[in-house]
Amino acid sequence: MREADVHELVELTRYFWTTNMNYEQKREAFVVAVYLGAVLVLAYNFVANINAGLINAAAWTMASIKLGASPLSGSVGAAATAASGGLGVGLDTFLRAQKTLDMAFGGPFLPARVAITIPTFFCYQHWIRKLEGRFPLKDKYPILNRVATLLTMWIGLNLVTYVGVSVGFAWVGSRVFSGIPLR
């Protein structure tokens, strides 16, 4: 199995255009292209998750300042909860703030997220390679090993980063700006 990096993809593409490839070479080129595409998508997802986590933290802080309590607390009022359709005033206030901030910072920051993804891609690929070498499937099932590595990185890094940034910065925002604990 070939190493999946950008230089290898360029070499395979040049080889594809200059000579005819047999089935095995075409399969390797396809695997390298799909693998690098998946790494690129995961790198962008990592950057986008950080952005979304910061938006969620800012929305949480805004909602707790507006309410004077945590959006999760039941002390906001039962009558207001019934008036908001049963969702809860705290959660409703948080979701409105989140939508507003996402509209203001989600779309307009797309070019910045893409620009940050490019250098992140190489670091992310390096992390995946380090983890890929530790999986026991690397010798017998290299493609399955790559899939398992990508799934592990998505769960282990992307989701944990999203939750960590959201909760961590919401905790800091609640403590520093509103003085209200998260719960």
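This is a predicted model, so every value here is computed, not measured.

**Q** Looking at this structure, how should I read the overall build of the protein?
**A** Per the secondary structure count, the protein includes six helices and zero strands. Listed N to C, the secondary structure of the protein is α-α-α-α-α-α in terms of helices and strands. Burial status across the protein gives 34% buried among its 183 residues. Within the protein, contacts between residues at least 6 apart in sequence are counted, and of these 69% link residues at least 24 apart.

**Q** What exactly am I supposed to notice about a nonpolar patch on the surface here?
**A** Residues Ile-65, Trp-171, Val-172, Val-176 and Phe-177 make up a contiguous nonpolar surface patch of about 540 Å² in total accessible area. In this structure, Trp-171 sits in helix α6 (residues 142-178). Classification of Trp-171 as partly exposed rests on a relative accessible area of 45%.

**Q** I tried to follow the nonpolar core on my own but got confused; where do I start?
**A** What tends to happen in soluble globular proteins is that the nonpolar side chains get buried as a cluster. Membership of the largest hydrophobic core comes to 13 residues, with the highest contact counts inside it found for Tyr-35, Val-39, Phe-121, Tyr-124, Ile-128 and Leu-150. At the level of elements, α2 (23-67), α5 (110-132) and α6 are the ones that each hand at least two residues to this core. With eight residues, the single largest contributor to this core is α2. Beyond its immediate sequence surroundings of up to four residues, Leu-150 is in contact with Tyr-35, Ala-38, Val-39, Leu-42 and Ile-128. Grouped together as the second largest cluster of nonpolar side chains are nine residues, Ile-55, Ala-59, Ala-63 and Phe-94 included.

**Q** For this particular structure, what's the right way to read the pattern of salt bridges?
**A** Opposite charge on two side chains lets them pair, provided their charged atoms get close. Counted by the stated rule, this structure contains two salt bridges. For Asp-92, the salt bridge goes to Arg-96, with nearest N and O atoms at 3.0 Å. Placement of the pair is Asp-92 and Arg-96 together in helix α4 (residues 89-105), with a separation of four residues, close to one helical turn. We classify Asp-92 as buried; its relative accessible area is 18%. Between Arg-146 and Glu-132 there is a salt bridge; the shortest N-O distance is 3.6 Å.

Cut-offs applied
- Residues numbered from 1 in each chain as written.
- Predicted model: local features only at pLDDT ≥ 70, side-chain atom pairs only at ≥ 80, totals over all residues.
- Heavy atoms only, no water.
- Helix = DSSP H or I, 4+ residues; strand = E, 2+ residues; numbered from the N terminus.
- Buried < 20%, exposed > 50% of the residue type's maximum accessible area, 1.4 Å probe, protein only.
- Contact = heavy atoms within 4.5 Å.
- Patch = residues over 30% accessible without salt bridge, like charges linked within 9 Å, V, L, I, M, F, W, Y side chains within 5 Å.
- Areas by Shrake-Rupley, 256 points an atom, 1.4 Å probe, with all protein chains shown as cover.
- Salt bridge = Lys/Arg side-chain N within 4 Å of Asp/Glu carboxyl O.
- Core = buried A, V, L, I, M, F, W, Y, C linked by side-chain atoms within 4.5 Å.

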